[in-house]
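Fold and geometry: a report
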Amino acid sequence: MYYLLKLFPEITIKSRSVRRQMTRCLVGNIRNVLRPLGDDVHVQGGWDALKVRIPDGASTQWRSRLEEMLCRIPGIHEVQCVEEVPFLSFTDTTERLLPVWRDAIAGRAFRVTVKRRGVHDFTSEDLERHLGRELLDAAPGSRVRLKEPDVDVRVDVVESRLRLVRQRWPGLGGYPLGLQGQALALISGGYDSPVAAWKMMRRGIKTHFLFFELGGAGHEAAVREVSSHLWETYGRSHRVKFFSVPFEGVVAELQRSIPDGLIGVVLKRMMVRAANRIASRARIPMLVTGDAIAQVSSQSLTNLVLIDEASDVPILRPLIAEDKQTIIDTARQIGTAAFAEGMPEVCGAVSQRPNTQARHDKVADAEENFDFSVLEAAVELAVLTRSDRLLEPQPDSEPQLEVVTDLQAAANDSIVSVIDIRPPAEREAAPLMLDQVECLEIPFFELQSRAESLPDDRRYLLYCDQGVMSRMQAMHLHDRGFRHFGVYRTS
């Protein structure tokens, strides 16, 4: 028994030289992916299909793991579990076929598909009719249906050899990974960007990951997990890079210097600029984003053009015309939806009243007030992690923060003030009403500069809607030696 791997149909229509190149690349990728299973797995190239031979006596669990790995390698159209024996006669073929398929077709519609190669004294149709009659008699409740059957029983006769396809599974399709170059995918951990990265991987592009940290270590850990899942499941044949860029300072500078309605577009432009610098250093020629037309304000056609202007390299958008539900369905199919559903939200990073049709001159004027040294500093602090080390424990440098949900109890222990660090527009839309303690209003982009002037005879609890920005700001203050700052959460 062995596994026969059918090539993605688009590979088979290439020129002879390109097809050979793709096949050689695919063979190498398969060997890399299967290496953890041991040296007894042998991959053999071929013109129409590839063979994977396994050791005798392999356990069912081991074979299941192998089959799962094969079905997720880009470039493979179908995985077939094949038994190959000498072809003797119609009767012998029937005796071999019945035990395999009798139960599988009982009560279902089926057809027999025979493919021959070589010179024989019978036609494919002759063998199909014979085997169809025998299966129909042997399986109660079964029926023949030539178009769209429930079960397709496959038999190949190659010269003097008989191939019985015992099981079939759909492959991932696409092109062999690494054959179409490489790209840097901006990944946030939601539904869109992991699907965009997966689509590029499936088309043979070696895809690295770039994450902009806006929500602390918890957010980064979650994005590392989804990136590791994508690499481990679909791209293990090639090691890739994961870049993490601390972007909280950039967001704070945006809140300080950019008009509210333009923050979303300018934030994306800053991300693209940072991505260009990192891609240039790593010699990666293009970027990938999860943008889809009109999903959010920054993804209108007008704003996407403005974002592209900030990039020196092409930005690929594989989801550009996809519906949101289609993206979510794909995320569930590839196993990234669960990560998106548990991803922490980041507050304070986008406009409250975004401009969907931003003007170029307005954006250019706004960016003149931005301190670009903040962006350069963020790029210099970027951290590189290899894909095979994404799940390794990260250094625990975060302080233990006080998190308070019961203000009355906290006020009984000491003097407490709450600092509402939300931007003014957010505070006006949902005022924080507190009776038992003092409430100060200091937007987070001013907090770091004003912290020294606050009396140090009390505890300060920072508040924002999701609790992410408040935690991040409190950590920065702890790093500067201000230990009397914590976090207030309403639930």
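Let me sum up the structure you'll find in this document. (Residues numbered from 1 in each chain as written. Predicted model: local features only at pLDDT ≥ 70, side-chain atom pairs only at ≥ 80, totals over all residues. Heavy atoms only, no water.)

**Some details on the overall build of the protein**
What the protein contains, in helices and strands, is 18 helices and 19 strands. Here the protein, with 491 residues, has 51% of them falling under the buried criterion. For the protein, the share of sequence-separated contacts (at least 6 apart) that also reach a separation of at least 24 residues comes to 79%. About 23200 Å² of surface is accessible on the protein, with carbon and sulfur atoms providing 47% of the total. Looking at charge distribution, the protein has the averaged site of its 62 positive side-chain charges lying 9 Å from that of its 67 negative ones. (Helix = DSSP H or I, 4+ residues; strand = E, 2+ residues; numbered from the N terminus. Buried < 20%, exposed > 50% of the residue type's maximum accessible area, 1.4 Å probe, protein only. Contact = heavy atoms within 4.5 Å. Areas by Shrake-Rupley, 256 points an atom, 1.4 Å probe, with all protein chains shown as cover. Lys, Arg positive; Asp, Glu negative; His and termini not counted. Charge placed at Lys NZ, Arg CZ, Asp CG, Glu CD.)

**Quick notes on the packing of aromatic side chains**
Tallied over the entire structure, the rule returns 11 aromatic pairs. Ring plane angle 90° and centroid distance 5.8 Å describe the contact between Phe8 and Tyr175, whose orientation is recorded as edge-to-face. Of the two residues, Phe8 is situated in the loop between β1 (2–7) and α1 (9–12) and Tyr175 in the loop between β8 (161–170) and β9 (182–186); the sequence distance between them amounts to 167 residues. Both residues of the pair, Phe8 and Tyr175, count as buried. Between the aromatic rings of Phe90 and Phe122, the centroid separation amounts to 5.1 Å while the plane-to-plane angle is 85°, which identifies the pairing as edge-to-face. (Phe/Tyr/Trp six-rings, centres within 6.5 Å; stacked < 30°, edge-to-face > 60°.)

**A closer look at the state of the cysteines**
For the structure shown, the criterion picks out 0 disulfides. Counting only cysteine sulfurs, Cys71 is the nearest neighbor of Cys25, a cysteine outside any disulfide, at a range of 19 Å. Not part of a disulfide, Cys439 finds its nearest cysteine sulfur in Cys464, a span of 13 Å. The class of Cys439 is partly exposed, set by a relative accessible area of 28%. (Disulfide = S-S within 2.5 Å.)

**Thoughts on a nonpolar patch on the surface**
Together, Leu136, Val144 and Leu146 make up an exposed nonpolar region whose accessible area comes to about 270 Å². Judged by relative accessible area, which is 45%, Val144 ranks as partly exposed. (Patch = residues over 30% accessible without salt bridge, like charges linked within 9 Å, V, L, I, M, F, W, Y side chains within 5 Å. Salt bridge = Lys/Arg side-chain N within 4 Å of Asp/Glu carboxyl O.)

**What about the environment of Ala292?**
Along the chain, the position of Ala292 falls in the loop between β12 (287–288) and α10 (301–309). Residue Ala292 is classed as buried on the basis of its relative accessible area of 0%. Considered as a pair, Ala292 and Ala321 are 29 residues apart in the sequence and their alpha carbons are 5.8 Å apart. Those residues in contact with Ala292 that sit more than four places away from it in its chain are Gln299, Leu319, Ile320, Glu322 and Ile327.

**Topic: unusual backbone geometry**
Despite not being glycine, Glu148 shows a phi value in the positive range, around 50°. Relative to the helices and strands, Glu148 is located in the loop between β6 (143–144) and β7 (151–158). Overall, the relative accessible area of 70% leaves Glu148 in the exposed class.

**A word on the nonpolar core**
Counting residues in hydrophobic clusters, the biggest one holds 60 residues, and the most contacted among them are Leu210, Phe247, Leu254, Ile419 and Phe485. Among the elements that make up this core, the one with the highest residue count is helix α9 (residues 263–282) (12 residues). Not counting the four nearest positions on each side in its chain, Ile419 is found in contact with Leu440, Ile442, Leu447, Leu454, Tyr460, Leu461, Leu462, Tyr463 and Phe485. Residues Ala185, Tyr234, Met286 and Ile327 belong to the second largest nonpolar core, which totals 32 residues. (Core = buried A, V, L, I, M, F, W, Y, C linked by side-chain atoms within 4.5 Å.)

**Some points on the pattern of salt bridges**
Under the counting rule described, the total for this entry stands at 37 salt bridges. Between Glu220 and Arg224 there is a salt bridge whose closest N-O contact spans 3.0 Å. Of this pair, Glu220 and Arg224 both sit in helix α7 (residues 216–234), 4 residues apart, roughly one helical turn. The pair formed by Glu220 and Arg224 is uniform in burial state, with each residue classed as buried. Note that Arg317 and Asp308 form a salt bridge whose closest N and O atoms lie 2.8 Å from each other. By relative accessible area, Asp308 is classed as partly exposed at 33%. Among the charged side chains, a network of salt bridges with common partners joins Glu78, Arg111, Asp152 and Arg168.

**Here's the deal with the side chain of Asp420**
Tracing the backbone through its elements, the reader meets Asp420 in strand β16 (residues 416–420). With sequence-adjacent residues up to four places away left out, Asp420 is seen in contact with Arg427, Leu432, Cys439, Leu440, Glu441, Ile442, Pro443 and Tyr463.

**Focus on α10**
Taken residue by residue, α10 has Asn303, Leu304, Leu306 and Ile307 as its buried positions. Viewed end-on, α10 has its buried residues packed into an arc of 160°, placing them on one side of the element. Looking at the buried positions of α10, the neighbouring elements they touch are α9 and α13 (360–367). (Arc of directions from axis to C-beta.)

**Looking at the pairing of strand β4 (residues 76–86)**
With 6 bridges joining them, β1 and β4 adopt antiparallel strand pairing. Following the sheet pairing, Leu4 is matched in β4 by Gln80. As defined by bridge partners, β4 adjoins β8 across 9 bridges and the pair is classed as antiparallel. Counted as the bridge partner of Val79 is Trp169 from β8. (Pairing = 2+ DSSP bridges.)

Purely geometric numbers; function is a separate question.
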